[in-house]
Protein chains: 2
Amino acid sequence: MSHSGKTFHINAFLMGVGHHEAAWRHPRTEEHRLLDVEHFRELGRIAERGRLDSVFFADNLAVGPRIERNAPAVFEPITLLSAIATATEHVGLIATASTSYNEPFNLARKFTSLDHISHGRAGWNIVTSGNAEEAYNFGYDAIPEHARRYERAQEFLDVALNLWDSWESDALELRTASGVFADPDKVHRIDYSGERFRVRGPLNSPRSPQGRPLLVQAGSSESGKEFAARHAEAVFTAQRTLEEGRRFYQDLKSRLPRYGRSPDELKVLPGLVPFIADTAEQARALEQEFTDLISPDYALRQLSGMLGVDLTEHALDAPLPPLPAESDIQGGKSRFTLVKELAEREELTVRQLIGKLGGGRGHRTFAGTPEQIADELQSWFESGAADGFNIMPPYLPGGLTDFVDRVVPILQQRGLFRTEYTATTLRGHYGLPPVESRRFTPIPTAAGA
Amino acid sequence: MSHSGKTFHINAFLMGVGHHEAAWRHPRTEEHRLLDVEHFRELGRIAERGRLDSVFFADNLAVGPRIERNAPAVFEPITLLSAIATATEHVGLIATASTSYNEPFNLARKFTSLDHISHGRAGWNIVTSGNAEEAYNFGYDAIPEHARRYERAQEFLDVALNLWDSWESDALELRTASGVFADPDKVHRIDYSGERFRVRGPLNSPRSPQGRPLLVQAGSSESGKEFAARHAEAVFTAQRTLEEGRRFYQDLKSRLPRYGRSPDELKVLPGLVPFIADTAEQARALEQEFTDLISPDYALRQLSGMLGVDLTEHALDAPLPPLPAESDIQGGKSRFTLVKELAEREELTVRQLIGKLGGGRGHRTFAGTPEQIADELQSWFESGAADGFNIMPPYLPGGLTDFVDRVVPILQQRGLFRTEYTATTLRGHYGLPPVESRRFTPIPTAAGA
């Protein structure tokens, strides 16, 4: 049953009542549960029942286009995951947070707090915030340039890593008799002084169970891939074909040795939006039900944002107009190219493109039986395109329940997925070694890079 | 039994394993519970069993002096309260957060998220962060000037109030049939442009149950009192004598009409550190046990910080050296004056002063029987010095349990405190009306003030 003993990883990427943009309108969801923290705690418990590695909540620091058509996230991810932490015992808890619009001291602290609360299950999806609407909420007239955002991210992470190492793991002594609370020789100022940040430290919290959160990244631009190769331990990525998936996987893994890292130190998890039913025909019909609920005006606004071109007056049954070059895109570069190439390769009209994107905003949608979905995952895993998967249920909780109760048992039978948790931390689930508590040596300031 | 039907309010100000700086060394505490989120969730449940209005966690964005002697808070308050929210149903949840070292969009969002998670129980203790150590973690070489910090706080709050009003309460429509998610005419940009902040809005979350968190304030300097009179709905304050308490109460309440507010719209809650035992003598002996565990070297560093004077080489059995004027203090002005006046009035040596301050860093300590403590609270309430109390248990959970199980029943019998919750929100507990969802009208920018 075992495939050379290798098993893969599963993250559940959760969003409101489902990833499909029309999920809240479909009878399989209860739209008011968008506002109900118990809905999300229940999702955490379902993921844990399936022995999933982690759950993940993305974030945007602005409402999206066309508020009349679709939802912002009601909950901020770190507070939400804190509430989910107390409803679960094993599943990892990953939150998006922005390096462009936070202070490193505050964010390092929040993840340390979440890691303490969850006993070692915190993960950080590091984003640079690629939407202009976000920039307007933080004093900018336009989105900061792509390269500048990544420079800031690099320096931000340097500060955070220093802060997380500012308490050695055995610094806390708690000797009640002699009154020694902590060993001052094991709690360090970081005296960080870079281009953007000056932070003295130490962090105002003892080292957390994992030492720091699992570092996750999801941008697939050139800068994004380099950043991931240097720092990330898991990467969420949108790959639409097995061939593209393999190419991305090999590309990313080949970059790690440059940073003194082994390819195993980074897990690649392509996204999949699964529509699951007893027969393939029923699964496709279910997907079509959701597609039929998409509001074209809303989808056009979303597509305009992704492509950096105003399509709101564009004919639905025509192909895309000429698009700018990726180098001119200041928002998310890799998503731009993915959508552009999809439309070109499959010669799609705008209406067809909208349908393809509705499930997961560019991520691959797959409609099939539980067996077919298991086959698909196995094939990607065994072809060297994935270390695991970022499962994006189109509707919730049903889409997650079906995956956990119908697909996971097949993967377990095939020896591809764990049947019990064998680790206690998120890092452990992903097969990563503990972060060593190192004798503090400040990381050199990343001057200009 | 009723005192003209008027009852008072109780907040439990919680800190680690107790407010007394030596709490972690005393056999009544288990020092490792500092790191245990279940300890804090249990405290929330105990407070709720006592029908308390709220629990409160303070915060500092830096470790304190002498890490070998005492503890930073392990948990960041908002993440911690999110975890407590799911263990409780009624009790209010108040967190300190800084206007000097956050972005208003992020903080407004976090409190909205906590208010959604707790179904209307979030409160914000607005602080400007008065310690130099905090400034060093956010790019400053010295603490920003007191007046500048309050100017920023004013503008920060203007932005946050605008953001909280950016979603009208009935903006969310969730009409599944027609696909109308929200009414765009009820979701507003704020287009705020001030001296320090430019924020477009709207907030990226629908209006929360309370509309916004309860606004709490705890600085008693002149700027602090004006800020409180303008904005605060509850004030935590350190008052050591009934006479001082009455003067502060009258002073603060008299300032409200200037801002078009009635005195009832702000609740004044002086702090009290209660040592509770069967006899007054036992209570005093218990307090002495804690005092005996204070490390003088640590206390001297703390006192040096409060007074802006280096006392670490000062003789313990001598009086204080000459002190600067309050106008020269850039940190917490009111705490400086409280400590200075206490030492002068009672002609204390440094050692005696340290003992007096050990329980609650300047807050009033009272050792007595449950009846005596109830008498003391009743006397302050009926003398016009308090609308309620900020109870600071010196050790936890025992000090909170004793207060809830032994003092609260007496207050209830006397008709001074609720026997059941009659409201569902934190604002409701404090007898404050709901925040009206107003048709959005931007607040004029506070230019330079």
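Residues numbered from 1 in each chain as written. Chains lettered and ligands numbered in written order. Predicted model: local features only at pLDDT ≥ 70, side-chain atom pairs only at ≥ 80, totals over all residues. Heavy atoms only, no water.

1. Description of the overall build of chain A
Within chain A, the regular secondary structure consists of 14 helices and 13 strands. The C-alpha radius of gyration computed for chain A amounts to 22 Å, which stays within 12% of the reference 22 Å derived for 449 residues, consistent with globular compactness. Dimensions along the principal axes, computed over C-alpha positions, put chain A at roughly 75 × 55 × 45 Å. Expressed as a percentage of its 449 residues, the buried residues of chain A come to 62%. Within chain A, contacts between residues separated by at least 24 positions form 77% of all contacts whose residues are at least 6 apart in sequence. Summed over its atoms, the accessible surface of chain A is roughly 15,900 Å², and 47% of this surface lies on carbon and sulfur atoms. Taken as two groups, the 50 positive and 61 negative side-chain charges of chain A have centres that lie 3 Å from each other. (Helix = DSSP H or I, 4+ residues; strand = E, 2+ residues; numbered from the N terminus. Rg over C-alpha atoms; globule rule 2.2 N^0.38 Å. Buried < 20%, exposed > 50% of the residue type's maximum accessible area, 1.4 Å probe, protein only. Contact = heavy atoms within 4.5 Å. Areas by Shrake-Rupley, 256 points an atom, 1.4 Å probe, with all protein chains shown as cover. Lys, Arg positive; Asp, Glu negative; His and termini not counted. Charge placed at Lys NZ, Arg CZ, Asp CG, Glu CD.)

2. Let's talk about the interface of chain A and chain B
Of the residues lining the interface, 70 residues belong to chain A; the matching set on chain B comes to 70 residues. The contact between chain A and chain B buries some 6,200 Å² in all, and 59% of this surface belongs to carbon and sulfur atoms. Of all residues in chain A, R109, F181 and R198 of chain A give up the largest surface area on contact with chain B, accounting jointly for 10% of the area buried on that side. Across the chain A-chain B interface, the total number found is six salt bridges. Taking the shortest distance from any N to any O, the salt bridge between E76 of chain B and K110 of chain A comes out at 3.0 Å. (Buried area = accessible area lost by both parts, 1.4 Å probe. Salt bridge = Lys/Arg side-chain N within 4 Å of Asp/Glu carboxyl O.)

3. Digging into the side chain of S100 of chain B
Residue and element names in this part refer to chain B. Residue position: S100 is located in the loop between β3 (92–98) and α3 (104–117). Accessibility expressed as a relative area gives 7% for S100, which makes it buried. From its side chain, S100 meets the backbone oxygen of T128 in a polar contact 2.7 Å long. Not counting residues within four places of it along the chain, the set of residues in contact with S100 comprises V127, T128, R149 and R152. (Polar contact = N/O pair within 3.5 Å; in protein donor to acceptor, adjacent residues only side chain to side chain.)

4. Some remarks on the relation of the copies chain A and chain B
For the pair chain A and chain B, the relating rotation is 180°, the translation along its axis is 0.0 Å, and the fit reaches an RMSD of 0.0 Å. Overall, the copies show the geometry of a two-fold rotation axis. Looking at chain A, 100% of its interface residues are interface residues in chain B too, so the copies touch through the same face. (Least-squares fit on C-alpha atoms with pLDDT ≥ 70 in both.)

5. Concerning helix α8 (residues 280–291) of chain B
All names here are of chain B. Helix length check: α8, at twelve residues, gives a terminal C-alpha distance of 16 Å against a target of 16 Å (1.5 Å per residue), a fit within 8%. Where α8 is concerned, the buried positions are A280, A283, L286 and F290. One side of α8 carries all its buried residues, which in axial view fall inside an arc of 120°. Away from the buried face of α8 by more than 90 degrees, exposed residues E281 and R284 are located. Contacts made by the buried residues of α8 are with β11 (267–276), β12 (364–368) and α12 (370–382). (Expected span 1.5 Å × (residues − 1). Arc of directions from axis to C-beta.)

6. Describing the nonpolar core
General note: in soluble globular proteins, nonpolar side chains tend to be found buried as a group. W124 of chain A together with W124, F403 and L411 of chain B are the most contacted members of the largest nonpolar core, which totals 216 residues. Counting residues in each nonpolar core, the second largest holds 22 residues, with L300, L316, L320 and L348 of chain B among its members. (Core = buried A, V, L, I, M, F, W, Y, C linked by side-chain atoms within 4.5 Å.)

7. Concerning the side chain of S54 of chain A
All names here are of chain A. Here S54 shows up in strand β2 (residues 54–57). Using a relative accessible area of 0% as the deciding quantity, one classes S54 as buried. Within the structure, the side chain of S54 is placed 2.8 Å from the side chain of N11, a separation counted as a polar contact. Side chain to side chain, S54 and Y430 meet in a polar contact 2.8 Å long. For S54, the contacting residues outside a window of four places in its chain are I10, N11, A12, V91, G92, I94, L426 and Y430.

8. Description of the packing of aromatic side chains
The final tally for this structure, using the stated rule, is 36 aromatic pairs over all chains. Considering the side-chain rings of W124 of chain A and F156 of chain A, the 5.9 Å spacing of their centres and the 55° angle between planes classify their relative orientation as tilted. Here the residue W124 of chain A occupies a position in strand β4 (residues 122–127), and F156 of chain A occupies one in helix α5 (residues 146–164), the gap between them amounting to 32 residues. When its relative accessible area of 0% is taken as the criterion, F156 of chain A is described as buried. Here F8 of chain B and F381 of chain B contribute two aromatic rings whose centre-to-centre distance is 5.1 Å and whose plane-to-plane angle is 70°, an arrangement assigned as edge-to-face. Of this pair, F8 of chain B sits in the segment before β1 (9–14) while F381 of chain B sits in helix α12; the two residues are 373 residues apart in sequence, bridging distant segments of the chain. Across the pair, F381 of chain B and F8 of chain B agree in class, each one buried. Members of the aromatic cluster, each reached through a chain of ring pairs, are F111, W124, F156, W164 and F197 of chain A. (Phe/Tyr/Trp six-rings, centres within 6.5 Å; stacked < 30°, edge-to-face > 60°.)

9. Regarding the packing of helix α2 (residues 77–85) of chain B against α3 of chain B
Residue and element names in this part refer to chain B. Relative orientation of the contacting elements α2 and α3 amounts to 10°, with a least axis distance of 9 Å. Between α2 and α3, the crossing angle belongs to the class labelled roughly parallel. Judged by residue contacts, I78, L81, S82 and A85 of α2 engage L107, K110, F111, L114 and I117 from α3. A per-class count over the contact of α2 with α3 returns seven nonpolar, one polar and one charged. (Axes fitted to C-alpha atoms, helices over the stretch in contact; angles between N-to-C directions. Parallel < 35°, antiparallel > 145°, perpendicular 65-115°, else oblique. Nonpolar A, V, L, I, M, F, W, Y, C, P; charged D, E, K, R; others polar.)

10. Re empty space enclosed by the protein
As enumerated under the stated definition, the model contains seven cavities of 30 Å³ or more in all. In this structure, the largest cavity spans a volume of roughly 150 Å³. In this structure, the largest cavity is lined by 16 residues; those nearest its centre are N106 of chain A together with D59, L61, E76 and N102 of chain B. When residues of the lining of the largest cavity are traced back to their parent elements, those giving at least two are α3 (104–117) of chain A together with α2 and β3 of chain B. In terms of residue class, the lining of the largest cavity is built from six nonpolar, five polar and five charged. (1 Å grid on protein atoms, 1.4 Å probe; cavity = no way out; pocket = protein on both sides within 12 Å on 5 of 7 lines; lining within 4 Å. Points joined across faces, edges and corners; volume = space filled by probe spheres on them.)

11. Thoughts on the domain arrangement of chain A
Frequently, the measure chosen for interface size is the accessible area removed from exposure when the parts meet. Residue and element names in this part refer to chain A. Here chain A is described as being made up of domain 1 (9–165 + 205–278 + 362–429) and domain 2 (295–357). Here the C-alpha centre of domain 2 lies 24 Å away from the C-alpha centre of domain 1. The interface is formed by 21 residues belonging to domain 1 together with 18 residues belonging to domain 2. Between domain 1 and domain 2, a total of about 1,800 Å² is buried, with carbon and sulfur atoms accounting for 50% of that surface. Our count for the contact surface shared by domain 1 and domain 2 stands at one salt bridge. With its nearest N and O atoms 2.6 Å apart, the salt bridge here joins E244 to R345. The interface formed by domain 1 and domain 2 contains one residue pair in polar contact (both at pLDDT 80 or more). Classifying every residue of the side of domain 1 that touches domain 2 by side-chain character gives three nonpolar, ten polar and eight charged. (Domains from an automatic or database assignment.)

12. Some words on the pattern of salt bridges
Applying the stated criterion across every chain yields a total of 66 salt bridges over all chains. A salt bridge links E222 of chain A to R255 of chain A; the nearest nitrogen and oxygen atoms lie 2.8 Å apart. A residue pair is termed long-range when its members are at least 10 positions apart, and E222 of chain A in helix α6 (residues 222–231) and R255 of chain A in helix α7 (residues 242–255) qualify at 33 residues. A residue is classified by how much of its surface remains accessible, and E222 of chain A, at 47% relative accessible area, is partly exposed. Take R255 of chain A: its relative accessible area is 7%, and that puts it in the buried class. The salt bridge involving R33 of chain B is made with D36 of chain B; its shortest N-O contact spans 3.3 Å. Given the relative accessible area of 22%, R33 of chain B is considered partly exposed.

13. Remarks on the confidence of the model for chain A
Segments scoring low in pLDDT should not have their predicted coordinates read at a detailed level. All names here are of chain A. Summing up the model confidence of chain A, the mean pLDDT is 91 and the portion of residues at 70 or higher is 95%. In the predicted structure, residues 442–449 sits below a pLDDT of 50 and forms 19 contacts with residues beyond four places in sequence or in another chain. Complex prediction metrics read pTM 0.92 and ipTM 0.92. (pLDDT = per-residue confidence, 0-100.)

14. Comments concerning unusual backbone geometry
Peptide bonds are trans in most cases, and residues, glycine excluded, mostly fall at negative phi. Cis peptide bonds are those with omega within 30 degrees of zero, and the linkage from L396 of chain A to P397 of chain A qualifies with 5°. Relative to the helices and strands, P397 of chain A is located in the loop between β13 (388–391) and α13 (398–413). Here the bond from G201 of chain B into P202 of chain B is cis, since omega is -5°, no more than 30 degrees from zero. Residue placement: P202 of chain B occurs in the loop between β8 (198–199) and β9 (214–217).

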